[in-house]
Structures are given as structure tokens and as C-alpha cells.
Amino acid sequence: MTKLKVGLLFGGRSGEHEVSIVSAKAISEALTAEENANKYELLPFYIKKDGSWQGPDIARQVLSSGEALSCENSQPTLWQFPAAAETIDVWFPILHGPNGEDGTIQGLLSLMQVPFVGSGVLGSAAGMDKIGMKSIFAQAGLPQVKYMALTREQIWSNPCIFPKLCDDIEQNLGYPCFVKPANLGSSVGIAKVRSRSELEAALDSAASYDRRIIVEAGVNAREVECAVLGNENPKASTVGEITYESDFYDYETKYTSGKADLLIPAPLPDAVISQIQSSAIQAFTTLDCAGLARVDFFYVEATGEVLINEINTLPGFTATSMYPQLWASSGVSFPELVDKLVRLAIELNSEPETT
Ligand SMILES: Nc1ncnc2c1ncn2[C@@H]1O[C@H](COP(=O)(O)OP(=O)(O)OP(=O)(O)O)[C@@H](O)[C@H]1O
Ligand SMILES: C[C@@H](N)C(=O)O
Ligand SMILES: [Mg+2]
Ligand SMILES: [Mg+2]
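Calculation rules
Residues numbered from 1 in each chain as written. Chains lettered and ligands numbered in written order. Predicted model: local features only at pLDDT ≥ 70, side-chain atom pairs only at ≥ 80, totals over all residues. Heavy atoms only, no water. UniProt positions renumbered as here; feature names shortened; annotations may be inferred. Helix = DSSP H or I, 4+ residues; strand = E, 2+ residues; numbered from the N terminus. Contact = heavy atoms within 4.5 Å. Polar contact = N/O pair within 3.5 Å; in protein donor to acceptor, adjacent residues only side chain to side chain. Salt bridge = Lys/Arg side-chain N within 4 Å of Asp/Glu carboxyl O. Buried < 20%, exposed > 50% of the residue type's maximum accessible area, 1.4 Å probe, protein only. Pairing = 2+ DSSP bridges. Axes fitted to C-alpha atoms, helices over the stretch in contact; angles between N-to-C directions. Near = heavy atom within 4 Å. Nonpolar A, V, L, I, M, F, W, Y, C, P; charged D, E, K, R; others polar.

An unreviewed UniProt entry annotates the protein chain as D-alanine--D-alanine ligase of Calothrix parasitica NIES-267. Recorded in UniProt under Function (unreviewed entry), the annotation for the protein chain is "Cell wall formation."

Asker: Give me the lowdown on the UniProt feature "binding site: Mg(2+) 2" (unreviewed entry) in the protein chain, citing residues and values where you can.
Answerer: According to UniProt, the positions carrying the feature "binding site: Mg(2+) 2" (unreviewed entry) are Glu310 and Asn312. Mapping Glu310 onto the fold places it in strand β13 (residues 305–312). Excluding anything up to four places from it in sequence, Glu310 contacts Lys130, Met133, Phe137, Arg294, Val295 and Asp296. Separated by 2.9 Å, the side chains of Glu310 and Lys130 make a polar contact. The topology assignment puts Asn312 in strand β13. Beyond its immediate sequence surroundings of up to four residues, Asn312 is in contact with Glu101, Ala293, Arg294 and Asp296.

Asker: I'd like a rundown of the pattern of salt bridges, residues and numbers included.
Answerer: Following the criterion strictly, the structure yields 19 salt bridges and no others. One salt bridge connects Glu200 with Arg196, and the closest N-O pair in it is separated by 3.5 Å. Note that Glu200 and Arg196 are positioned in helix α9 (residues 196–209) at a spacing of 4 residues, about one turn of the helix. Arg196 sits in the partly exposed class, given a relative accessible area of 24%. Connected through shared salt-bridge partners, Asp167, Glu170, Arg196 and Glu200 make up one network.

Asker: So what's going on with the sheet that holds strand β4 (residues 90–93)? Residues and values would help.
Answerer: To summarise the sheet geometry, strands pair through backbone hydrogen bonds and adopt either a parallel or an antiparallel arrangement. Strand order in the open sheet made by the 4 strands is β3-β2-β1-β4, with mixed pairing throughout. Each end of this open sheet is capped by a strand with a single partner; those strands are β3 (53–54) and β4. Note: strand β1 (residues 4–11) against β4, 4 bridges, orientation parallel. Paired with Leu8 across the two strands is Phe92, which belongs to β4. Strands in contact with helix α1 (residues 17–31) are β1, β2 (40–47) and β4; relative to β1, the strand with the most contacts, it is inclined by about 160°. Taken strand by strand, helix α4 (residues 104–112) contacts β1, β2, β3 and β4, and its axis lies near 180° from that of β4.

Asker: Break down the site of ligand 2 for me, citing the residues and quoting the values.
Answerer: Contacts to ligand 2 come from Glu16, His96, Ser186, Tyr255, Arg294, Asn312, Pro315 and Gly316. Take Glu16: an N or O atom from its side chain is 2.8 Å from a nitrogen atom of ligand 2. Gly316 is positioned with one of its backbone polar atoms (N or O) 2.8 Å from an oxygen atom of ligand 2. In the shell around ligand 2, the residues fall into 2 nonpolar, 4 polar and 2 charged.

What follows is the structure, encoded as C-alpha cells:
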């Protein structure tokens, strides 16, 4: 049997570069596991932090060391596609955050007319930008926390406007509130703030990551996540809950073993689980997602409300990440999961073209 050549694309010009390396390592092991070894030939491609692409030899070294390649003293390079990329039958991008989860790579791969795992341009871009995502969710009637959308320009360019901006945030959202770069993940650049001075510092910091910034009212709630898998008729996994001792589910808590507990299935009433699952599917279809996504929610026990927090169209596949664990608990093993994802990519590509 001829093996399909799968191009695993990882790293990327993103604040989540290191997480992508860990996710890619896990996926490469699953794609080459015994169950998949006779179906797929894996060719990894690594995108350095400066945006340059490295072919399979270097990419394999990065996967085995787990270390990002340094970009010190690197000059901006013309974008070059490694020759081996021309032989790929299906791409598996496992890039997190900007320049990978946001529709940019998806646009490139669509133009190349080679199938790829995950959402296309619209689902990826709409899922990445928290401001755009939240206005689409609001339109779809999905309940969420109160928020304000800001730009770097408002924060940095006019010192006269800045105090008024902070006044507005204090009046509309109060404390604690969460300041986030609109286009990032893994909690990079996010701050939970409780005072004016923390707010000012957090806005300045978030503006260094992105020109779009979102500030959200802090909610006191349980954190639950649901995985979605499929194309036109997506399925929701069981729901998982995250508990931790830290102030919030920050980068260190997410990726340090033992800092957070994942409770799968979440100890919640059946009706709440069903509501989360149907909202996860509604979020996925509303944004025109495909293949996979993990949808994050807040469950406010005091009122019974389920608030959608966000969708992640290329969720983490690290040892502490929910997505593969939710499917494992729903009876889909890691090797089976990556096999399904590749098949879904091919299925999507075999649909009639709209020209
Ligand atoms: N409005 C909020 N109220 C309470 N906690 C919040 C709020 N927004 C974010 N948090 C906390 O911050 C964490 C990260 O937020 P969010 O999921 O939006 O960020 P992210 O960077 O997209 O994360 P990831 O993509 O890794 O899931 C949440 O899991 C939660 O612990
Ligand atoms: C990778 C990270 N953004 C996640 O959602 O798991
Ligand atoms: Mg996210
Ligand atoms: Mg999240």
C-alpha cells in the first residue's frame, strides 16, 4: 500500500512557538505509531521564530531535542519553501497562535490545493481574534462575559486619552478584569488585574503583543472545556474541568505537570454537560470550523450560567493539554485521533470546488 505523505508543520512566528514543538512531537509519535505506520510517511517542517522554513532533517532534530532553534542575528529572509514540501499529500499544521492558527497558513495551503488538517481561512481567522470571535458568538446568542475591544493606537498614541480609557474600563467592567492580546493563546500576554496601576501595566504589556487588545470582566466560575471533531456533522467529546491553585490558568499552570488537575468527565449535572456540548458545536459551526477545535467555557455554579470563553482551532496536544485527553476518555486513542484528523482533511478536500 502506498503511504500518504503527511507534512507536519510546527514552530511558527508566534508567542506559542515552544508549545507547538511539544504538540508536534506528540503528534509525530502518534502518526508513526504501529497503528498508523503502514498508512503514513511523516515529513516534519519547522518554521523558525523568524518565519523561515526548515525541511525534514532540521525539523526532526528540533522534534528530538524539543528545543527551538535560535534566531539570533538572523536577517529577514525571503520566504522559501523546502523542496520536500512539494511532495506532501496532506498537511498537518500544528501551529498555535498568530501566523499559523489564524488563517495565514491556511490561506497558503488552500492556494497550494493540498488538503490540510483543521479549519480553513474563515474559521481559523475568526477563531483566533478574540474580538471578532466574541462579536460572532454574541450574534449567535452564545452568552459570554462583558468585554471591551481596544487598539494599540488607543493605548500608546495619545497620553491624554489613556486615563479616560482606564476610567471607562473601571466603570464598565470593574475589577478583577482580564487584559488580553486579541490574537494569542496559552495565556501568553494575559494579565488578571485588580487595580489601576495593574491595569495600566497590563494594557501596555498586551499592546506589545498585538495591535488589538481585549479587556474582559473577570468571572468567578468553574473552568470547563469540550473537544469537537468532524466537518459537516461535528461531534462533541465528554466535558473536562480544570482545577488549580494558581490565580488563573496561566502559562506555567497549563504546561507544568502537576500544577493543574484535569477532571474528565467533569463532575457536573447531565443537563449542564449537554448544554456545554451543544454550545461547543454551535460555536464550531457558527465560525465555519472544520476538523477539530477545543471550546473553553466558564460554568457559574451560583447562577447555573454557561458562558463561552473562547475557541481554539488548533488546540494543544501536549501531555497536559485537554484535547487528546477528552477524546481518549470518549474512547478515541491518540493514534486513532490523528488518523481521523488526517481523514477529515482529505474528506473536506474531496468536496465539490466552488470557483
Ligand atoms: N473573563 C475571565 N474571567 C475569569 N477568568 C478568565 C477570564 N478570561 C480568562 N480567564 C482565565 O485566563 C485563562 C486564559 O484565558 P483564555 O483561554 O482566553 O486565553 P488563551 O491564551 O486563549 O488560552 P488557551 O488558548 O491556551 O486556552 C482562562 O483559562 C482563565 O483561567
Ligand atoms: C495551544 C493552546 N492555545 C491551547 O488552546 O491548547
Ligand atoms: Mg485560546
Ligand atoms: Mg483558553
